[in-house]
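# Secondary and tertiary structure notes
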Amino acid sequence: MTRLLGIDLGERRIGLAVAEDDGAAARPLLTIRRGRTLDADEVTIRTIVDAQDIDELIVGLPLEASGSEGPQASITRAWAEALQRRIGRPVTLRDERLTSHLAETRLGPMPRGRSGGPPSRTQRDAYRARIDREAAAIILQDELDTRAGVRASLPLNRDPQENSR
């Protein structure tokens, strides 16, 4: 059985999720702060990889809506390749378009603050961290579903003008 770690790489945080390739669902694990350098990210991720006995990393690739790679996708690709060399585990890149939106839909709206007011900074940060973990789980589940040959967790883009027969 192979253990996988899903990664949603952001500018400030990294959402993580875990799964086995035995058909069980991917589950959010935790959210970590990005380090100032790749070395700092590597130390943190290596600790988690070793503690969780991870065999492979699945990193979300932030493609443009058109499917092309923009500047953020290039940064993510370079980060993932460097991480693979340093950690020595296989890394697979997975299209992550719409995963944060889907994670927000699954988790519902951000909780209100005291007395129904706006959320505090702590509440906003905690909610964003949950979104990142959930997005990592969606990325990982999408990869697992694709490998198993079942329907992907992301909806297919369908033309609303197309007649279904």
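In this text the structure is predicted, and so the values were computed from the model without any measurement.

### Here's the deal with the packing of helix H1 (residues 38-52) against helix H2 (residues 71-87)
Each pair of packed helices can be described by the angle between their axes along with the distance between the axes. Taken N-terminus to C-terminus, the directions of H1 and H2 make an angle of 55°; their axes are 10 Å apart at the nearest point. As judged from the angle between their axes, H1 and H2 are oblique. Relative to H2, the crossing made by H1 is right-handed. For the pair formed by H1 and H2, the contact residues are Leu 38, Asp 39, Asp 41, Glu 42, Ile 45, Arg 46 and Val 49 on the first element and Trp 79, Ala 82, Leu 83, Arg 86 and Ile 87 on the second. Within the contact of H1 with H2, the residues separate by chemical class into 7 nonpolar, no polar and 5 charged.

### Observations concerning H1
Taking 1.5 Å per residue as the helical rise, H1 with its 15 residues ought to reach 21 Å, and the 21 Å between its terminal C-alpha atoms agrees with that figure. In this structure, the buried residues of H1 make contact with strand S1 (3-9), strand S2 (13-20), strand S3 (27-33), strand S4 (56-61) and H2. Following H1 by one or two positions, Asp 53 adopts a phi angle in the positive range, close to 55°.

### Focus on H2
Each α-helix winds once per 3.6 residues, and so residues spaced three or four apart point in a common direction. Its 17 residues give H2 an end-to-end C-alpha distance of 24 Å, which sits within 8% of 24 Å, the value for a rise of 1.5 Å per residue. Those residues of H2 that fall on the buried side of the exposure criterion are Ala 73, Thr 76, Trp 79, Ala 80, Ala 82, Leu 83 and Ile 87. Buried positions along H2 lie against S1, S2, H1, S4 and strand S5 (91-95).

Reading guide: rules and limits
Per chain, residue numbering runs from 1 following the sequence as it is written. Local features in this predicted model are restricted to residues of pLDDT 70 or higher, and side-chain atom pairs are both shown and tallied only at a pLDDT of 80 or more, whereas totals for entire chains, interfaces and linings draw on every residue. The side-chain quantities take in all heavy atoms of the structure and omit both hydrogens and water. In this analysis, axes come from line fits to C-alpha atoms, helices being fitted only over the stretch in contact, and the angle between any two N-to-C directions falls in the range 0 to 180 degrees. Strands are runs of DSSP state E lasting at least two residues, helices are runs of H or I lasting at least four, and both sets are numbered from the N terminus onward. Roughly parallel means an angle under 35 degrees; roughly antiparallel means over 145; roughly perpendicular covers 65 to 115; every other angle is labelled oblique. Each helix crossing is assigned a hand: it is left-handed if the near helix lies turned anticlockwise from the far helix by less than a right angle, otherwise right-handed if that turn is clockwise. Contacts are assigned to residue pairs with any non-hydrogen atoms lying within 4.5 Å of each other. Residues are grouped as follows: nonpolar covers Ala, Val, Leu, Ile, Met, Phe, Trp, Tyr, Cys and Pro; charged covers Asp, Glu, Lys and Arg; every other residue, Gly included, is treated as polar. To estimate how far a helix should extend, the number of its residues minus one is multiplied by 1.5 Å. Remark: exposure states derive from per-residue accessible area (1.4 Å probe, protein chains only) relative to the maximum for the residue type, with buried under 20%, exposed over 50%, and partly exposed in between.

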